[in-house]
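Listed below are the residues making up each chain.
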Amino acid sequence: METVTVKLPQSEIDGLDPNCRRFRLENGESLAEKDEGAQKLALPYNPQQKLTVKQILSNFTLMDSNKSPKEIFSADIQKDLLLLEEQEGSVNFKFGVVYMKAGQKLDDEMLSNETGSPEFDDFLTLLGEKIRLKDWERYRGGLDVKGDMTGKYSIYTLYEGHEIMFHVSTLLPFSRDNRQQVERKRHIGNDIVNIIFIDEASSGEETEFIPNNVKSQFTHVFAVVTKRGTRYRLAVYCDETVPPFGPTLPNPPEFEVSPHRRTVVWHFYDHRHDPVQ
């Protein structure tokens, strides 16, 4: 797999990360990159014409359709497979979402943005629905649903049976007296996956995201989104300890989206499941 590894000299990140973590950048430039990890395929269902097991397996590109599938008779294996299927349908997720202005570099600066921009608000509508946290009865992703202690609103969605709560930096409590915004960092810094929205529209200035500038031992994947005209550009930084996973990004990694087509988010979500194993 052809990848780009990002590492800064310690002098440039002094005081941020003494071990200088290494990240793999995936931005669609490696066309020879091979998808790895679990595959998930949606097939049309017709009760009048049921598919055979062999017909189903023929839709997987890496499956040899000439080989006949074998039925599993082991009760233990059947039990394990049923448990795996139940877990597949019950896993919920929480992702961090950070608003980053053009020219900002450090996580303290990003988390100190009290509000976002119209472009950021548009992007949030692609992620999910804005919900009132108080008395919320579904998956809450660690947020307070009784006394507005973690903000009044959040972004939530349901995708293929999985509930997803987004910890949005500008919706979490803001403190004028706390430069590090500990309350925001408490949630976002503990999310394994962060989505970074870089707002370049306000200044037209290209801004580079440096993953080592985010002080977190738990975040292993950064999905960096920038808007170019009507298209969104996506780059994914993965901690080098995270095994390669698919799907790969197109080249160029840009997506045309509308409120009814959440391409950016779901392409990233298709990396699915906790990539840190």
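Refer to the structure above for everything that follows.
As the structure is a prediction and not an experimental result, all values here were calculated from the model. (Residues numbered from 1 in each chain as written. Predicted model: local features only at pLDDT ≥ 70, side-chain atom pairs only at ≥ 80, totals over all residues. Heavy atoms only, no water.)

1. Describing the overall build of the protein
So, step 1. Tallying secondary structure elements over the protein gives six helices and 10 strands in all.
So, step 2. For the protein, the accessible area works out to roughly 16,200 Å², and carbon and sulfur atoms hold 50% of it. (Helix = DSSP H or I, 4+ residues; strand = E, 2+ residues; numbered from the N terminus. Areas by Shrake-Rupley, 256 points an atom, 1.4 Å probe, with all protein chains shown as cover.)

2. Notes on empty space enclosed by the protein
So, step 1. On inspection of all chains with the given rule, the structure shows three cavities of 30 Å³ or more.
So, step 2. Around the largest cavity, the lining is made up of 13 residues, and of these Asp107, Leu111, Ile188, Asn194 and Val214 lie nearest the centre.
So, step 3. Contributing elements (two or more residues each) for the lining of the largest cavity: helix H3 (107-111), helix H5 (182-188) and strand E7 (193-199).
So, step 4. For the lining of the largest cavity, the element with the highest residue contribution is H3, accounting for three residues.
So, step 5. Partitioned by chemical class, the residues of the lining of the largest cavity number six nonpolar, four polar and three charged. (1 Å grid on protein atoms, 1.4 Å probe; cavity = no way out; pocket = protein on both sides within 12 Å on 5 of 7 lines; lining within 4 Å. Points joined across faces, edges and corners; volume = space filled by probe spheres on them. Nonpolar A, V, L, I, M, F, W, Y, C, P; charged D, E, K, R; others polar.)

3. Overview of the environment of Lys54
So, step 1. Along the polypeptide, Lys54 turns up in helix H1 (residues 53-57).
So, step 2. Here Lys54 falls in the partly exposed class, since its relative accessible area comes to 39%.
So, step 3. Distance in space between the C-alpha atoms of Lys54 and Asp64 is 9.9 Å, their sequence separation being 10 residues. (Buried < 20%, exposed > 50% of the residue type's maximum accessible area, 1.4 Å probe, protein only.)

4. Focus: the side chain of Glu26
So, step 1. As for its position among the elements, Glu26 is in strand E2 (residues 23-26).
So, step 2. For Glu26, the side chain forms a polar contact with the side chain of Arg24, separated by 3.1 Å. (Polar contact = N/O pair within 3.5 Å; in protein donor to acceptor, adjacent residues only side chain to side chain.)

5. Focus on a nonpolar patch on the surface
So, step 1. Together, Ile72, Ile77, Leu81 and Leu84 make up a nonpolar patch on the protein surface, roughly 340 Å² of accessible area in all.
So, step 2. Assignment of secondary structure puts Leu84 in helix H2 (residues 75-90). (Patch = residues over 30% accessible without salt bridge, like charges linked within 9 Å, V, L, I, M, F, W, Y side chains within 5 Å. Salt bridge = Lys/Arg side-chain N within 4 Å of Asp/Glu carboxyl O.)

6. Digging into the nonpolar core
So, step 1. Within the largest apolar cluster, 29 residues are counted, with the highest numbers of intra-cluster contacts made by Val97, Phe123, Leu127, Phe166 and Ile195.
So, step 2. Elements with a minimum of two residues in this core: strand E3 (93-101), helix H4 (118-127), strand E5 (153-159), strand E6 (162-168), E7, strand E8 (221-228) and strand E9 (231-239).
So, step 3. By size, the runner-up hydrophobic cluster in this structure holds 24 residues, among which are Val98, Leu172, Ala235 and Tyr237. (Core = buried A, V, L, I, M, F, W, Y, C linked by side-chain atoms within 4.5 Å.)

7. Quick look at H4
So, step 1. Listed as buried for H4 are Phe120, Phe123, Leu124, Leu126 and Leu127. Within H4, the buried residues cover an arc of 150 degrees as seen down the axis, which keeps them to one side. (Arc of directions from axis to C-beta.)

8. Considering the pairing of E6
So, step 1. Among the seven residues of E6, seven are classified as buried, and the element is accordingly described as predominantly covered.
So, step 2. As defined by bridge partners, E3 adjoins E6 across five bridges and the pair is classed as parallel. Residue pairing across strands places Val97 opposite Val168, the latter belonging to E6. (Pairing = 2+ DSSP bridges.)

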